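# Structural characterization, general
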Amino acid sequence: MNPIVNTDAATLSPIALFLQADWVVKGVMLGLLLASIWTWAIIVMFWLKVGRTRRATETFERDFWKAEDIDAFYKAKGNADLPSARVLAAGVAEWRRSTQGQVIDREGTRDRLATTMGAAVAKEIDELSDRLNVLATVGSVAPFVGLFGTVWGIMRSFTSIASQQNTSLAVVAPGIAEALFATAIGLFAAIPAVIAYNRFSHGINRIEARLNRFADGFHATLSRQLDRER
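Remember, it's a predicted structure, so these values are computed and weren't measured experimentally.

What counts and what doesn't
Residues numbered from 1 in each chain as written. Predicted model: local features only at pLDDT ≥ 70, side-chain atom pairs only at ≥ 80, totals over all residues. Heavy atoms only, no water. Axes fitted to C-alpha atoms, helices over the stretch in contact; angles between N-to-C directions. Helix = DSSP H or I, 4+ residues; strand = E, 2+ residues; numbered from the N terminus. Parallel < 35°, antiparallel > 145°, perpendicular 65-115°, else oblique. Contact = heavy atoms within 4.5 Å. Nonpolar A, V, L, I, M, F, W, Y, C, P; charged D, E, K, R; others polar. Buried < 20%, exposed > 50% of the residue type's maximum accessible area, 1.4 Å probe, protein only. Patch = residues over 30% accessible without salt bridge, like charges linked within 9 Å, V, L, I, M, F, W, Y side chains within 5 Å. Areas by Shrake-Rupley, 256 points an atom, 1.4 Å probe, with all protein chains shown as cover. Salt bridge = Lys/Arg side-chain N within 4 Å of Asp/Glu carboxyl O.

### Regarding the packing of helix α2 (residues 23-66) against helix α4 (residues 83-98)
Look at α2 against α4: their axes get within 8 Å of each other, and the N-to-C directions meet at 45 degrees. Judged by the angle between their axes, α2 and α4 are oblique. The segment α2 lies against α4, with Thr-53, Thr-57, Phe-60, Glu-61 and Phe-64 engaging Pro-83, Ser-84, Ala-85 and Leu-88. Within the contact of α2 with α4, the residues separate by chemical class into five nonpolar, three polar and one charged.

Written as structure tokens, this is what we have:
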């Protein structure tokens with residue numbers, strides 16, 4: 001018989017350990033299982049989103065620096081659904097607002113451009129990092145939730161010893177196995193969450209650094225243009 005679907009606790013079947021567990025431990029197991037499923041859904045989503053954003057950003061910036069006419073490039077690709085495009089749009093919008101008058105405050109314009117594009121970068125990173133905190137929460141909390149289920153299961157095992165006045169392993173082993181299974185599920189949810197959180201945090205930091213470099217480069221371009229304005 002398949003050990004996974006076997007309902008005999010002696011086989012260490014996960015289904016058997018769940019079915020014979022106390023209702024509190026069952027609740028802990030179900031909660032951790034749902035957290036694990038949610039974690040993997042977020043991991044897949046982030047893996048696709050971060051990879052797609054990185055590749056599209058690299059292409060956008062490469063085309064931008066090759067463009068000879070920034071206005072033409074902005075008209076063609078300024079509305080793209082990309083972090084770099086929105087940073088570019090923020091810089092262009094601020095440039096137009098600051099240079100539409102007869103008298104141009106050069107230093108004030110430079111400061112406003114830097115502030116505007118810096119805020120745009122921060123906003124893009126915040127949106128890109130959405131739900132990343134879920135991975136951090138699951139990674140830090142799941143082991144302790146599993147430990148709570150373990151403690152509760154061991155307490156139940158000691159209660160069985162007291163009620164049956166029997167210290168045989170046959171009496172306490174099932175309860176202890178169920179309890180330790182709760183810890184195992186907690187680790188199963190926490191370990192991928194911690195690894196993914198660290199990996200995606202590194203990826204988002206790289207995208208943030210890239211956006212900041214793009215914003216600095218565009219700021220320098222506008223600053224040179226500002227020097228030529230009368």
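Additional details are given in the paragraphs that follow.
### Overview of the environment of Leu-222
Counting through the fold element by element, Leu-222 comes out in helix α7 (residues 169-228). The class for Leu-222 is buried, based on a relative accessible area of 8%. Along the backbone, Leu-222 and Trp-95 are 127 residues apart, and their C-alpha atoms lie at a distance of 7.8 Å. Look past the residues within four positions of Leu-222 in its chain and what remains in contact with it is Gly-91, Trp-95 and Leu-113.

### Topic: a nonpolar patch on the surface
Among the surface-exposed residues, Phe-144, Leu-147, Phe-148, Val-151, Trp-152 and Met-155 lie close enough to one another that they form a single nonpolar patch of about 610 Å² accessible area. Take Phe-148: it is sitting in helix α6 (residues 132-164). With relative accessibility at 44%, the residue Phe-148 sits in the partly exposed group.

### Some points on the side chain of Ser-98
Its place among the elements puts Ser-98 in helix α4. Under the relative-accessibility criterion, Ser-98 is labelled buried at 9%. Setting aside anything within four residues of it in sequence, one finds Ser-98 in contact with Ile-104, Thr-109 and Arg-112.

The analysis is restricted to geometry; functional conclusions fall outside its scope.
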